[in-house]
Amino acid sequence: MGKTKKRKKKKKKSGLLKAVRIIAIIVIALCAGYIGWWLINSARLKNASQEAARLYTSEAEALEGEDSSGFQVDFTALKEVSEDVAAWIRMPGIEVIDYPVVHYNDEYYLNHSWQGEYSAHGAIFIEEINSPDFTDYHTVIYGHKMLDGSMFGSLRSYEDAEYYVENGGLIYIYTPETSLTYEIFAVEYVTAADPVVYTVFFSPGEEYTAFLSAMSDRAIYDTGVSVSDTDRVLTLSTCSQRENVRFTVHAKLIEGEP
């Protein structure tokens, strides 16, 4: 009887181990499948973004950082795909930041592409309370930090002061009416609910002056670029590796009229 009970226990234990192994194999297979799907989808979306530059822009060559006047965007064709397209953004030195910029609802474009398709990559989008023509004194643009460097995943290159020096710190914004050139004056990490950085200013004043000073004071390195309350400012915001912390790049308008 004693041996029989032991055998039954061994069989139960063996059966339990087999069940655990089977469950583990299924979990691993599902995880591998999800990772494979994510990588394939990520590559597809990245290629789609690069295709957008080919289809809707001309002279889409690497920028030298000084003269972007030959670059053209076909906004008529873009708006046939999505009426929410408000601008196009490019950054010298970061080839993957070459995208349409949309303006509609912040929550929507967190998980939808600029074409309106569901996407974990989201889109590059302007803060919904901002004017889409960049006439506000402070305009905020958001984008996800994708691991493959797409969207605003490569924006953190500007965390390095040497990278800033090597690439000039310029941001080009194109709208249906004009082209604008911004120069980065500060880079900083902020909390997701920062009450200063995510304030939109529609006109200058004492509060705006204090806002600009705070950006410069908190910068992680000195760019040597000064900013005043007569400047219109652009903020690019993305996630960081730390929870509830955002990486932000602040730039002032130096060429063009919105």
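Caption draft 1: Region of the structure containing the pairing of strand β8 (residues 179–191). Pairing analysis gives five bridges linking strand β7 (residues 170–174) to β8, with the strands arranged antiparallel. What sits directly across from Ile 171, in β8, is Tyr 182.

Caption draft 2: Quick look at the nonpolar core. One finds Ile 89, Ile 141, Tyr 158, Ile 171, Ile 173 and Leu 236 to be the most contacted residues of the largest nonpolar core, which totals 43 residues. Mapped by element, the contributors of at least two residues to this core are β3 (85–91), β4 (94–102), α3 (161–167), β7, β8, α4 (206–218), β9 (233–239) and β10 (245–255). Take this core: its biggest share by element is six residues, from β8. With near-sequence residues (within four places) excluded, Ile 141 lies in contact with Val 101, Ile 124, Phe 125, Ile 126, Phe 134, Phe 152, Ile 173, Leu 234, Thr 235, Leu 236 and Ser 237. By size, the runner-up hydrophobic cluster in this structure holds 23 residues, among which are Ala 52, Leu 170, Tyr 174 and Val 197.

Caption draft 3: View of the pattern of salt bridges. On inspection of all chains with the given rule, the structure shows three salt bridges. One salt bridge connects Arg 90 with Asp 98, and the closest N-O pair in it is separated by 3.3 Å. Of the charged contacts in the structure, one is a salt bridge between Glu 188 and Arg 218, with a shortest N-O distance of 2.6 Å. A residue pair is termed long-range when its members are at least 10 positions apart, and Glu 188 in strand β8 and Arg 218 in helix α4 qualify at 30 residues. Taking relative accessible area as the criterion, Arg 218 reaches 33% and is therefore assigned partly exposed.

Caption draft 4: Inspection of the confidence of the model for the protein at higher detail. On average, residues of the protein score 83 in pLDDT, and 77% of them are at 70 or above. For residues 31–39, every residue scores under 50 in pLDDT, and the model assigns this stretch one contact once sequence neighbours within four places are set aside.

Caption draft 5: Up close: the environment of Lys 79. Tracing the backbone shows Lys 79 in helix α2 (residues 75–81). Note: C-alpha distance between Lys 79 and Gln 115 (36 residues apart in sequence) is 9.6 Å. The contacts of Lys 79, once residues within four sequence positions are left out, are Val 85 and Pro 176. At a separation of 3.4 Å, a polar atom in the side chain of Lys 79 contacts the main-chain carbonyl oxygen of Glu 83.

Caption draft 6: Region of interest: the pairing of β9. In terms of burial, β9 is largely enclosed, as six of its seven residues are buried. For strand β6 (residues 138–142) and β9, the ladder comprises five bridges, and the chain directions are parallel. The partner of Tyr 142 across the bridge, within β9, is Ser 237. From the end of β9 to the start of β10, which pair antiparallel, there are five residues, and Asn 244 there has a positive phi angle of about 60 degrees.

Caption draft 7: Geometry of α4. Look at α4: 19 Å from first C-alpha to last across 13 residues, which is about the 18 Å you get at 1.5 Å a residue. Along α4, the residues classified as buried are Tyr 208, Phe 211, Leu 212, Ala 214 and Met 215. An end-on view of α4 places all buried positions within 155 degrees of arc, on one side of the element. Facing away from the buried side of α4 by over 90 degrees, the exposed positions are Glu 206 and Asp 217. In this structure, the buried side of α4 is in contact with β6, β8, β9 and β10.

Criteria and cut-off values
- Residues numbered from 1 in each chain as written.
- Predicted model: local features only at pLDDT ≥ 70, side-chain atom pairs only at ≥ 80, totals over all residues.
- Heavy atoms only, no water.
- Pairing = 2+ DSSP bridges.
- Helix = DSSP H or I, 4+ residues; strand = E, 2+ residues; numbered from the N terminus.
- Core = buried A, V, L, I, M, F, W, Y, C linked by side-chain atoms within 4.5 Å.
- Buried < 20%, exposed > 50% of the residue type's maximum accessible area, 1.4 Å probe, protein only.
- Contact = heavy atoms within 4.5 Å.
- Salt bridge = Lys/Arg side-chain N within 4 Å of Asp/Glu carboxyl O.
- pLDDT = per-residue confidence, 0-100.
- Polar contact = N/O pair within 3.5 Å; in protein donor to acceptor, adjacent residues only side chain to side chain.
- Expected span 1.5 Å × (residues − 1).
- Arc of directions from axis to C-beta.

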